[in-house]
Amino acid sequence: MFMNLQGPWDPLFGRLPMLLDLQYNNPWIMFAFALVVLGGGTVVAALTYYKLWGWLWRDWLTTVDHKKIGIMYIIIGLVMLFRGFFEAAMIRTHQAMAVGPDSPGILGAAHGYLTPFHISEIFTVHGTLMILLAVTPILVGFMNLIVPLQIGARDMAYPFLNAVGLWLTAMAAGLCMVSLFVGSFSHAGWVGLTPLTELDHSPGVGVDYWIWILQISSIASTVGAVNLIATMLKMRAPGMSLMRMPIFSWTAMGTNIIALTSFPLLTVAIALLTLDRYVGTHFFTADGGGNFMMYTNLFWLWGHPEVYFVVLPAFGFISEIIPTFSEKPLFNHTSMIFATMMIAGVSWLVWLHHFFIMGSGPQVNTFFSIATMLVGIPTGVKVFNWAFTMFRGRVRLETPMLWALGSVLLLIGGGMTGMMLAIPAINYVSHNSVFVVAHFHNMFLIIAFAIFGAVTYWWPKAFGFYLDEKLGKIFFWLFWGGSVFVFVPMYALGFLGMTRRLDYIAHPSWWPLLMLEVVGIALYAASVAAFVLQVYVSIRDREKNRVRTSDAWETSRSLEWATHCPPPFYNFGATPIVHSNDEWAWRREHRLTTLKPENYSDTHMPKNTAVPIVLGFFVGLFSIAAVWRVWWVMGLCVIGMIATLIFRAFQKDVDYVIPADEMEAMEREKLDQIDHRAQDSAQQTGEMGEPEIDGHAHG
Amino acid sequence: MKTTTIQRGIAALALAMLVLALAGCSGSPVQDPFWFLHPNGPIARASIFYLIVDVLLLLIVIVPATALVIWTFFRYRKGGKGRYDPTYNHSVIVEVVVWGVPLLLVVVLSYFSYQGARDVAPFNPQALKSAVAKSGNKKPLRIDVISTDWQWLFIYPDEGIAMSNRLVVPTGRKISMNLTSATVTNDFYVLKLVNQIYMMPGMRTKQHFFVERTGTYQGFSTEFSGPGFSWMNYKVLAVTPGKFEDWVQRARQSGNQMNWQDFEKFAQPTINTGDRWSLYSQVQPNLFSKLIHEVKAGDMNIVWPARLSENMTTHEFDRKFGTGSANSDKNGTTADHPSQSNSD
Amino acid sequence: MSTDLSRVADPGSIKLYTTEPDHHDPITLRSIGFWLYMMSDIMIFAGLFAAHGVYGDAYGTSKITAAQVIDPISALFPTLFLFSSVLFFGLAGVALKNNDRKEVLRWMTAAFVVGLVFVLQEIWEFVKLAQEGAVPQASAFLSDFWTIVWAHGLHVIVGLIWMAVVLIQVLRDGFTEAVVGRFLNLRIFWFFQAVVWVFVYTFVYLMGVS
Ligand code: HEA
Ligand code: HEA
Ligand code: CUA
Ligand SMILES: [Cu+2]
């Protein structure tokens, strides 16, 4: 409309005619297209064949149940994680091929098999989607799934808003999939380097896809944060003071405070960039008085807190898993809460460490260096407290514990390299090298490890049967091997001076290390197979692996284990009253593991609604229209969004009541399925089991 | 069964480390030993010094922390030797130690962080002082560095000459650079020689360094700047002052000019110059500041074609921009090489 | 550390589950969430004001300066409109306490109309600016000026749509829990727009010309 765009533009179809102009000769795009069509087609065909569309719509797509929403978040995240891995594998194999001037090139590339622009698209989409569409949805999914259960709530504060958040995230993921073969993706890194993202240097639609994906998922995260914080503030079970809130919920609190305060800054940064690209303003241009370092500041003001946003819930997983499998309460519970909040707080003061080398003076750089290093203190406290949780414990090395321990060790390594980068004098020689890439993957792998630990840990809670233990261990060791082989050589390459985001490797001497990394990729690929097999086998043998008690691991500590596996849609037959930091452990210790309350009462529950998915549809369509600058569709979508929200405002019939007797009937049926002997003997393995100790969990 | 898997894992790790060590440090198995741990000059050395000091300091806490995690796990696994005591879940002493010791460490690190930041501050590095004094306080050599899409131009304003895609510097003399970029941000770095510094369009940054011994180095950009980024490699030749003078004299004889119109042509997108460089005997005196001015005024319009950034194949590049193949023409286009010296 | 009950003498006496139906006060719950949302909105404006610190005099090559486009005196009119709208809405809130539906409707209509005048006046103002060539494309300062003012303006427009919805609901349904909840949140929102305007006026208008 305002901007002078390269290429054709049509009032009806916007920039879409550009597609005809560009050559589609890239076999990768065809391959990706075939893969997605095949995968999506199979799902659609299966749903149609088994006549499951109605079920899908009623039970899942229109649900406001936080557990189902959580599970859908996690599924989206895992699928995107898989796609992200695919891209990582492409980067790694391409770089191993494109070494030295004499290296061969195929598929239109001078070296390797990816053209320069294509590989930049790939690392950009990899970074963007891994952080925002893989890891974030998985973590948000777990917070959805677990936090209300842990705090003894029937539901979220705003179930409707929760569904809106989910569908926004789903649309962002959808947009990311569309960008795979309709047009292109941004090439300017996940951070959107300005002025590279300006229209002069990125004239196509790639950056626009990136913009709208970030914008939508940022709004989704803000919405989710409002919901989770309000839930934790207002919906806790009676007796649960804030300090008694389980540690995972506390990390969720820290994370969402970060989200609530930092994502709006991303919204601003991206909105201003959008104006630059769509309207021709001069915020981040080099001319017209613009200042692109302002973008860098705004971006990292969000970007740094964002990395703690993703790591805190992972710390939460670890803090849940280690006590359970050490059969001991979390060491220094209060200190852990304090450390969590301190990490969240200090995360605000460190953003400049991402551009030490822009030329600020030593005073400024030192300030941010010290602030950055301060984060190491509470993080260290966490590491030590985890170790002391195991100290004098009885550590069982089941799969979740394996992942958690791996995570802790990764944290020490990644933290060490982070502390190195935080020293300006070192940063000046290591910035933008693959040493940095190895540092942050080391950190992200903490999250990946913790996530897989959490998946194994809460799977029996969510679905009522265990994941196969043996395949789980194989999965762990393969994944661990992959991580070692990819990222240890990467640290070394950093010292050798290899820069990040390379399409072509000018130094043949790096080739052996690059090949080692490919070995890592192969191990990763095997690990994915192991995971898929594990899920398949576990589902196949689900009857054999059924959970017979509420407490699947028999030594768990928090309230999510005080209801059935899987939890009914109303979570608890009656709201539990909390007496201790680790309520479930306390009950176990006092032989109070019954799930049967004295009586039941009427319960309010929200009704399913199609409004969130409709809203999501309009947002998704809006973004695609915006990417291709089809103004009239954008206009219609805005009207559609407003109309949908107004419609919702006029909806009165949004909840219903489960009468007490109906609740009792449902509960009785579920209680009958519990193996009562096992449920009661669960306490035997707890703290009480040890005869010489006359104590309780909280001496 | 459990321990064997762990043992196997550890063995694999050890093996990986070994391979790494061999690939990375065994003298120079390859043409170009590319460690950043071989500094030439006070700045690069200061960085490596702080690297080593800080790592050693960090290890004071990192090693015990790692040991603690691994030891508690082995000691207190179920059926192991450790005594089980679930009431041990709080300890003031532990609390004081785990908050206090890291805090102390951070205080110490902060001191080194500040010293380091001053020593290698790009605009005014303290680490250079003594070297400059020792070398007799010669007048610093000024170099204006410009990055374009995707080439380099090094201007020697006092000598009135310039060279593209190759940098020649004398030993034993402070070198002070002004840096800017024509279009997007790049990041100037010469491994082992010059620390990184952003080069930003419409802005000027500075960097200083001092070369002690002769040698050939690799310069490159570290901030991603578009499709040609991977090929922004150039050689940096550190030569003796005498040879440097010779080189300047020879450069003056080159017939090439670099005034604004030439520069505008030069700045057009070009991928992979394949180690081709040019000397310019005449350079418009205010080229550097004019560039900054033009960029700010929006007159430096280098718009990348959509095809380039959207669906590019390298072959297409060959056709459109006349570059592409790395082994096309390895020799300079005009004046000859400054005599090469041994690399370190 | 925690105030756990220590070993209980008679576990049977412990109450494990609530026996009454849970009662969450929906209006408080709603307004907590809304305050949290406002928090994120504050961050949006904080980001914009931080940007203004950089762009406040970034004219680039443009000849148009802040003094030429900003007139704090004439900007007093929109200020007046917005503040009276907030005042009227506050009076509607008083009427709500007295449970006086007619009065509520009357004041809300007044607030709506005056709010609309604010928006229209702002549109008119900026159309004039554009005709003089002070478009957002002209310089970073103007980009920033337009963006800040219209970020606020957009909030006001959303507030007006919302007000229309609540108006109709009060008319149709009276003071149900949902309607009152919406009304109270809108009051927070509307009041907040006045506060933001104070900041816009001070930082952009007053400090822009001084
Ligand atoms: C959370 C974030 C995250 C995660 C998890 C990862 C994971 C990985 N990343 Fe990524 N990466 C980034 C974030 C992340 N990355 C970012 C931000 C960048 C920078 C981008 C930029 O430069 O702008 C980057 C860049 C980046 C590069 C480019 C480096 C360069 O610039 O030169 C490379 C190259 O090797 C790489 C590799 C990998 C690998 C091998 C993994 C592996 O760890 C992947 C392991 C994953 C698996 C093995 C999949 C497991 C999945 C399942 C088991 C589920 C299966 C489910 C179904 C089948 C439904 N990453
Ligand atoms: C989950 C993600 C995550 C996490 C948790 C961290 C944690 C840390 N990061 Fe990292 N970082 C990233 C993700 C993450 N980072 C990403 C994505 C980038 C690059 C993005 C890009 O450019 O694309 C990056 C880049 C990055 C840089 C900039 C590098 C550069 O571009 O030049 C720096 C520099 O300071 C840094 C530092 C740190 C530090 C000090 C921590 C600390 O929080 C670590 C704290 C932990 C410990 C220190 C270990 C445990 C502690 C003890 C055992 C106690 C004793 C220790 C001491 C007190 C010393 N990180
Ligand atoms: Cu230019 Cu920072
Ligand atoms: Cu950071």
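Residues numbered from 1 in each chain as written. Chains lettered and ligands numbered in written order. Predicted model: local features only at pLDDT ≥ 70, side-chain atom pairs only at ≥ 80, totals over all residues. Heavy atoms only, no water.

Overview of the overall build of chain B
- Along its length, chain B carries nine helices and 13 strands.
- Considering only residue pairs separated by 6 or more positions, chain B has 73% of its internal contacts joining residues 24 or more positions apart.
- Surface summary for chain B: the accessible area is close to 14,100 Å², and the carbon and sulfur share equals 58%. (Helix = DSSP H or I, 4+ residues; strand = E, 2+ residues; numbered from the N terminus. Contact = heavy atoms within 4.5 Å. Areas by Shrake-Rupley, 256 points an atom, 1.4 Å probe, with all protein chains shown as cover.)

As for the sheet that holds strand E3 (residues 161–164) of chain B
All names here are of chain B.
- Read from one edge of the open sheet, six strands run E8-E5-E1-E2-E3-E12, paired in mixed fashion. The sheet terminates laterally at strand E8 (205–210) and strand E12 (278–280), the two strands that pair on one side only. Averaged over all pairs of adjacent strands, the angle between strand axes in this sheet comes to 20 degrees, irrespective of strand direction.
- Across six bridges, strand E5 (residues 174–181) lies against E8 in antiparallel orientation. The residue bridging asparagine 178 from the neighbouring strand is lysine 206, located in E8.
- Against the sheet, helix H5 (residues 241–252) engages strand E1 (141–147), strand E2 (152–156), E3 and E12, with an angle of about 95 degrees to E3.
- Those strands touched by helix H7 (residues 287–297) are E1, E2 and E5, and its axis lies near 25 degrees from that of E5. (Pairing = 2+ DSSP bridges. Axes fitted to C-alpha atoms, helices over the stretch in contact; angles between N-to-C directions.)

A few points about the site of ligand 1
Residue and element names in this part refer to chain A.
- Near ligand 1 you find 33 residues, and of these Arg92, His126, Trp190, His441 and Arg501 are the closest.
- Note that an oxygen atom of ligand 1 is positioned 2.5 Å from one of the side-chain N or O atoms of arginine 92.
- Backbone polar atom of tryptophan 190 to an oxygen atom of ligand 1: 2.8 Å apart, as the coordinates give it.
- Elements that contribute at least two residues to the shell around ligand 1 include exactly helix H4 (66–97), helix H5 (116–150), helix H15 (434–463), helix H16 (469–496) and helix H17 (511–540). (Near = heavy atom within 4 Å. Polar contact = N/O pair within 3.5 Å; in protein donor to acceptor, adjacent residues only side chain to side chain.)

Remarks on the interface of chain A and chain B
- Listed as interface residues are 122 residues of chain A and, on the opposing side, 113 residues of chain B.
- In total, chain A and chain B occlude about 10,400 Å² of area from one another, counting both sides; carbon and sulfur atoms represent 70% of this.
- For chain A, the biggest contributors to the area lost against chain B are Arg392, Tyr428 and Val429 of chain A; these three give 7% of the whole.
- On inspection of chain A and its partner chain B, the count reaches one salt bridge. (Buried area = accessible area lost by both parts, 1.4 Å probe. Salt bridge = Lys/Arg side-chain N within 4 Å of Asp/Glu carboxyl O.)

Describing the packing of helix H10 (residues 333–346) of chain A against helix H12 (residues 376–390) of chain A
Residue and element names in this part refer to chain A.
- Contact geometry of H10 with H12 gives a least axis separation of 8 Å together with a crossing angle of 150 degrees. Taken together, H10 and H12 sit at an angle that is classed as roughly antiparallel. Pair H10 / H12 crosses with left-handed handedness. Across from Ser335, Met336, Ala339, Thr340, Met342 and Ile343 in H10, the residues of H12 making contact are Pro378, Thr379, Val381, Lys382, Asn385 and Trp386. (Parallel < 35°, antiparallel > 145°, perpendicular 65-115°, else oblique. Left-handed = near helix turned anticlockwise from the far one by under 90°.)

A short note on the side chain of histidine 441 of chain A
- Mapped onto the secondary structure, histidine 441 of chain A falls in helix H15.
- For histidine 441 of chain A, a relative accessible area of 17% translates into the label buried. (Buried < 20%, exposed > 50% of the residue type's maximum accessible area, 1.4 Å probe, protein only.)

Let's talk about the site of ligand 2
- For ligand 2, the set of nearby residues contains 33 residues, the closest of which are Trp190, Tyr308, His431, His439 and Arg500 of chain A.
- Here an oxygen atom of ligand 2 sits 2.5 Å away from a polar atom, N or O, in the side chain of tyrosine 308 of chain A.
- Between histidine 353 of chain A and ligand 2, the recorded distance is 3.4 Å, taken from a side-chain N or O atom to an oxygen atom.
- Counting only elements with at least two residues in the shell around ligand 2, the list comes to helix H9 (292–326), H12, helix H13 (399–421) and H15 of chain A together with helix H2 (42–75) and helix H3 (92–119) of chain B.
- Counting residues per element, the shell around ligand 2 draws most heavily on H15 of chain A, at six residues.

Describing the coordination of the iron atom of ligand 2
All names here are of chain A.
- Just one protein atom donates to the iron atom of ligand 2; it is His439 (NE2), sitting 2.2 Å from the metal.
- The two metals, the iron atom of ligand 2 and the copper ion (ligand 4), are separated by 4.6 Å.
- With respect to the helices and strands, the residue histidine 439 is situated in helix H15. (Donors = N, O, S within 2.8 Å, 3.2 Å for Na, K, Ca; no water.)

Points about unusual backbone geometry
- Omega for the bond connecting cysteine 565 of chain A with proline 566 of chain A falls within 30 degrees of zero, at -10 degrees, which places this linkage in the cis form.
- You can see proline 566 of chain A is positioned in the loop between H17 and helix H18 (583–589).
- Put simply, aspartate 149 of chain B and tryptophan 150 of chain B share a cis peptide bond, and its omega is -10 degrees.
- Mapped onto the fold, tryptophan 150 of chain B is located in the loop between E1 and E2.
- Phi at asparagine 432 of chain A takes a positive value of approximately 55 degrees, unusual for a residue other than glycine.
- Along the polypeptide, asparagine 432 of chain A turns up in the loop between helix H14 (424–430) and H15.

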